[in-house]
Amino acid sequence: MTAGIAVLGSTGSIGTSTLRVLERHRERFRVVALTAHGAAGLLCEQAAATGASYVGLVDGSREACEHAGTRVAAGPECLIEAATHPEADVVVNAVVGAAGLEATLAALRAGKRVALANKETLVMAGDLVLAAAAHGGGEIVPVDSEHSAVLQCVAGHEPPELRRLILTASGGPFREWEAERLHHATSEEALRHPTWEMGPKITVDSATLANKALEVIEAHYLFGLGYDAIEVVVHPQSIVHAFTEFVDGSVLAQVGFPTMELPILYALTHPQRVADAGTRWFDPVAAGPLTFEPLREPDFPAFRLGVNAGRAGGTAPAVYNAANEVAVQAFLAGRISFSGIGELIDNVLENHDVQPANDLTTVLAADRWARERGEVLCSSR
Ligand code: MG
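Residues numbered from 1 in each chain as written. Predicted model: local features only at pLDDT ≥ 70, side-chain atom pairs only at ≥ 80, totals over all residues. Heavy atoms only, no water.

### Observations regarding the overall build of the protein chain
Regarding its fold elements, the protein chain presents 17 helices and 11 strands. The C-alpha atoms of the protein chain give 20 Å as radius of gyration, which agrees with the globular expectation for 381 residues (21 Å, within 12%). When its C-alpha atoms are laid out on the principal axes, the protein chain stretches across 55 × 50 × 40 Å. When burial is assessed residue by residue, the protein chain has 55% of its 381 residues classed as buried. Restricting the contact set of the protein chain to residue pairs at least 6 apart, pairs at least 24 apart contribute 68%. (Helix = DSSP H or I, 4+ residues; strand = E, 2+ residues; numbered from the N terminus. Rg over C-alpha atoms; globule rule 2.2 N^0.38 Å. Buried < 20%, exposed > 50% of the residue type's maximum accessible area, 1.4 Å probe, protein only. Contact = heavy atoms within 4.5 Å.)

Following this line, the structure appears as structure tokens:
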């Protein structure tokens, strides 16, 4: 029996990596549903190659696919339809940004395993996501490399045995830049990530370190630790993915050459491990010296703003996430400077009246409010 897999966001960086992994494990998995945002041509090729029975396009022309004989569902509802596909056992959610939230909730309510690459889901509505999993019998397994590392280290342990997490951060392309030079960093410079090849949104988030704040919030929900017990250290080589400290003082780390294919495969097979022909076997000598340094918080304010939003709870993390998405888009479009990203997030959060995030309507309203507020601030610059 093969497990049915739905891949949401199949044409992005995680999506294409996922399909490569699935291709190598055809005896275990079959692709049943694919969705993409707008890349109809690639989606259509993927549909033909995998034989997915459901193909959805969120936005864009579906004619390219139909010419090729693939029937395509169009519109944002396709995310939920794919996430709840009756033949899908695992939903890989690799949608970028807030758009992935409702699909995660729907999949968990339908009792599916969600291999979560869309960290915004947990950041915006962590409590709702956990409640949906508890009620529907679904399960969240992280695809993010740091969280996959922690999951691999805690397997077989009970939550009270866990004391502290230290997530590693590559430090991004600006790790060694002087504060003054950072203000004028361009989008081309921000998009040149030293160790990971990823989509533009997450690459900019890695440059501002907003990505690491999102990951701290994600870890808080996934592993049930308070914010004081989740730390971040800069580790430019991206070989150690996270440290997991237990109450007896023992520290386990998961180590390996940077690749997203291992965390993707592990999210599909957890808690089992399976042999994979795509593995680059580890070589400590080739990995070279491993170094660790503190995060330069004053120069990367998006990090602390995010962690503080996580601590504030309620609608604050959703507002942080939305303000960050608007700021990143504005930066990529050349409308604001690199340092403008942190300023914009700070400004939006300052103006937000935090509410308890008890239902999806409240979360989505906060998300919308933050986007509008962020847009106004961009336009007034
Ligand atoms: Mg990560």
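### A closer look at the coordination of the magnesium ion
The magnesium ion binds to the protein through Asp144 (OD), Glu146 (OE) and Glu215 (OE); the donor distances cover 2.0 to 2.2 Å. Of note, the donors binding the magnesium ion are all from one chain and are spaced D-x1-E-x68-E. Taken together, the positions of Asp144 in the loop between strand E7 (139–142) and helix H7 (145–154) and Glu215 in helix H11 (residues 210–223) put the pair 71 residues apart, joining distant regions of the chain. You'll find Asp144 and Glu215 in the same group, each marked buried. (Donors = N, O, S within 2.8 Å, 3.2 Å for Na, K, Ca; no water.)

### Comments concerning the sheet that holds strand E10 (residues 240–246)
A sheet is described by the order of its strands in space; here 4 strands give the open sequence E9-E8-E10-E11, paired in mixed fashion. Two strands bound the open sheet, and with one partner strand each, they are strand E9 (230–234) and strand E11 (251–255). Across the sheet, the mean angle from the axis of one strand to that of its neighbour is 20 degrees, orientation sign disregarded. (Pairing = 2+ DSSP bridges. Axes fitted to C-alpha atoms, helices over the stretch in contact; angles between N-to-C directions.)

### A short note on the packing of aromatic side chains
Applying the stated criterion to the full structure yields 5 aromatic pairs. Aromatic ring contacts, followed pair by pair, group Phe174, Trp177, Phe331 and Phe338 into a single cluster. A cation over an aromatic ring shows up here: Arg181 above the ring of Trp177, its NZ or CZ 3.6 Å from the ring centre. Taking the ring centre of Phe257 as reference, the NZ or CZ of Arg280 above it sits at 3.5 Å. (Phe/Tyr/Trp six-rings, centres within 6.5 Å; stacked < 30°, edge-to-face > 60°. Lys NZ or Arg CZ within 6 Å of the ring centre and 35° of its normal.)

### Quick look at the pattern of salt bridges
Under the defined criterion, the tally for this structure stands at 24 salt bridges. With its nearest N and O atoms 3.4 Å apart, the salt bridge here joins Arg335 to Glu375. Residue Arg335 is found in the loop between helix H15 (316–332) and helix H16 (338–350), and its partner Glu375 is found in helix H17 (residues 360–379); the two are separated by 40 residues along the sequence. Under the relative-accessibility criterion, Arg335 is labelled partly exposed at 38%. With a relative accessible area of 35%, Glu375 lands in the partly exposed category. Several salt bridges share partner residues, and in doing so they unite Lys119, Asp144, Glu146, Lys212 and Glu215 into one network. (Salt bridge = Lys/Arg side-chain N within 4 Å of Asp/Glu carboxyl O.)

### Considering the sheet that holds strand E2 (residues 29–36)
Strands sit in the order E4-E3-E2-E1-E5-E6-E7 across an open sheet of 7 strands; the sheet is parallel. Where the open sheet ends on each side, the last strands, each with one partner, are strand E4 (73–74) and E7. Where E2 lies against strand E3 (residues 54–57), 4 bridges are found, and the strand directions are parallel. Residue pairing across strands places Ala33 opposite Tyr54, the latter belonging to E3. Where helix H1 (residues 13–24) meets the sheet, its contacts fall on strand E1 (3–8), E2 and strand E5 (90–93), and the angle it forms with E1 comes to roughly 160 degrees.

### Here's the deal with the environment of Cys44
By the secondary structure assignment, Cys44 is in helix H2 (residues 40–50). The buried category is assigned to Cys44, whose relative accessible area is 9%.

### Topic: the pairing of E11
Sheet topology note: the E10/E11 ladder contains 5 bridges and is antiparallel. Counted as the bridge partner of Thr244 is Leu252 from E11. Between E10 and the antiparallel strand that follows it, E11, lie 4 residues; Gly249 among them carries a positive phi value of about 95 degrees.

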